[in-house]
Amino acid sequence: MPEDELEDLPGVGPATADKLVDNGFESYQSIAVASPGEMSNTADIGESSASDIINAAREAADVGGFETGATVLERRQEIGKLSWQIDEVDDLLGGGIETQSITEVYGEFGSGKSQVTHQMAVNVQLSKENGGLEGGCIFVDSEDTFRPERIDDMVRGLDDEILADEMERREIEGTPNDEEALEDLVDAFLDQIHVAKAFNSNHQILLAEKAKELAGEHEETEWPIRIVCVDSLTAHFRAEYVGRGELAERQQKLNKHLHDLMRLGDLYNTAILVTNQVASNPDSYFGDPTQAIGGNILGHASTFRIYLRKSKGDKRIVRLVDAPNLADGEAVMRVQNEGLKPE
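Residues numbered from 1 in each chain as written. Predicted model: local features only at pLDDT ≥ 70, side-chain atom pairs only at ≥ 80, totals over all residues. Heavy atoms only, no water.

Q: I keep staring at the side chain of Lys113 and nothing clicks. Help me out?
A: With respect to the element layout, Lys113 can be found in helix α8 (residues 113–123). Of the side chains bearing the opposite charge, Glu143 lies closest to the buried Lys113, which forms no salt bridge; the N-O distance is 6.4 Å. Polar side-chain contacts of Lys113 include one of 3.0 Å to the backbone oxygen of Gly107. Among the polar contacts made by the side chain of Lys113, one reaches the main-chain carbonyl oxygen of Glu108 at a distance of 3.2 Å. Beyond its immediate chain neighbours, meaning those up to four positions away, Lys113 contacts Val105, Tyr106, Gly107, Glu108, Thr275, Asn276 and Leu308. (Helix = DSSP H or I, 4+ residues; strand = E, 2+ residues; numbered from the N terminus. Buried < 20%, exposed > 50% of the residue type's maximum accessible area, 1.4 Å probe, protein only. Lys, Arg positive; Asp, Glu negative; His and termini not counted. Salt bridge = Lys/Arg side-chain N within 4 Å of Asp/Glu carboxyl O. Polar contact = N/O pair within 3.5 Å; in protein donor to acceptor, adjacent residues only side chain to side chain. Contact = heavy atoms within 4.5 Å.)

Q: Mind showing me how you'd approach the UniProt feature "domain: RecA family profile" (unreviewed entry) in the chain here?
A: Those residues carrying the UniProt feature "domain: RecA family profile" (unreviewed entry) are residues 78–278 and 283–343 in this numbering. From the first C-alpha to the last, residues 78–278 spans 33 Å; its make-up is 47% helix and 17% strand. (UniProt positions renumbered as here; feature names shortened; annotations may be inferred.)

Q: What am I meant to see in the packing of aromatic side chains here?
A: The relative placement of two aromatic rings is captured by the distance of their centres and the angle of their planes. Applying the stated criterion across every chain, the model contains 2 aromatic pairs. With 5.1 Å between their ring centres and 10° between their planes, Tyr106 and Tyr307 make a pair best called stacked. Of the two residues, Tyr106 sits in strand β3 (residues 102–106) while Tyr307 sits in strand β10 (residues 304–310), which places them 201 residues apart along the sequence. The ring of Phe189 carries the charged tip of Arg170 above its face, separated from the ring centre by 4.0 Å. Here the basic side chain of Lys310 rests over the ring of Phe109, its NZ or CZ set 4.4 Å away from the ring centre. (Phe/Tyr/Trp six-rings, centres within 6.5 Å; stacked < 30°, edge-to-face > 60°. Lys NZ or Arg CZ within 6 Å of the ring centre and 35° of its normal.)

Q: Looking at this structure, I do not really get the state of the cysteines. What am I missing?
A: A covalent bond between the sulfur atoms of two cysteines is what we call a disulfide. Counted under the stated rule, the structure contains 0 disulfides. As a non-bridged cysteine, Cys137 has Cys229 as the owner of its nearest cysteine sulfur, 4.1 Å distant. Exposure remark for Cys137: the relative accessible area of 0% places this residue in the buried category. (Disulfide = S-S within 2.5 Å.)

Q: Is there a simple way to think about helix α9 (residues 148–156) in this case?
A: Count 3.6 residues to each turn of an α-helix, and residues three or four apart come out pointing the same way. For α9, the set of buried residues is Arg150, Ile151, Met154 and Val155. One side of α9 carries all its buried residues, which in axial view fall inside an arc of 135°. In this structure, the buried residues of α9 make contact with α8, α10 (160–169), α11 (179–191), β5 (193–197), β12 (329–336) and β13 (339–342). (Arc of directions from axis to C-beta.)

Q: Teacher, can you tell me more about the packing of α9 against α11 here?
A: Packed helix pairs are characterised by how far apart their axes lie and by the angle those axes make with each other. Their axes nearest at 10 Å, the elements α9 and α11 cross at an angle of 125°. Relative to α11, the element α9 is oriented oblique. Our pair here, α9 against α11, has a crossing hand that is right-handed. Where α9 approaches α11, its residues Pro148, Ile151, Asp152, Val155 and Arg156 are matched on the opposing element by Glu179, Leu182, Glu183, Leu185, Val186, Phe189 and Leu190. (Axes fitted to C-alpha atoms, helices over the stretch in contact; angles between N-to-C directions. Parallel < 35°, antiparallel > 145°, perpendicular 65-115°, else oblique. Left-handed = near helix turned anticlockwise from the far one by under 90°.)

So, in structure tokens, the structure goes:
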């Protein structure tokens, strides 16, 4: 939305409009979903003024009222489903990873969490006919896991029919058997993945805010941002906040971070995919002692929770632990050189 339209809000002059835009409040909707405290801190505006501006933006953007279930159902038609390219897993997840939702994938080391984020960074760029969302990816890397070479493997591992479609969409001359054309296609996929390395938890929170700006810049382009991957969500928080004395502060910061990601997903119709580490519960005598870390805050914030478990060889069990509209269940996939494949 152009800057001068913000000046239609009460108490917003040219200088205040500049402050709002500089701090990411570029539209009525982004202002409407902010809190007065947040706007006051980030845009250096008095809290009472911020409250008036937010209330006016809510009226102008028609945000925050009640609506019928039929209207909600109609709006949910806009939600995209990102396919895993594995029928058994897609069936388990009701079609794939949803936009406007946080999907959490947790499991022990080597279970394939980072493989899932890399595969989704590729799949999101595919045409809707092939199960993609025709969009780009933001990849927040907190454990130095992102590997362009893995994206290369996964692009080459796509079916020949999909490769041919992608070459045509991106106007790359050649066939899936043409090495030069394949290299051009891999480069085209990598160009639509925006990677940032998070050095600590504060930097990770800042990157979530930057991701919102980047999604806004790409919203009207040919490649809007359709997935944000955070691998892993909890590593820095776990390392920096040690012991019960710092648990409350850690959970508050994690909660803010999750809400920033949630808002990004809602504003730009983006899927949020986060990986999470696990801990073993020594009190567990029966069943699987593995528990996701992050506590109830992460459990409540995640719309879908998926537990990845190692099996024989390259097999992985994908278990849906929690979803608002789907039954719990399991599916099997393989982690191979060419990417995630059906059993």
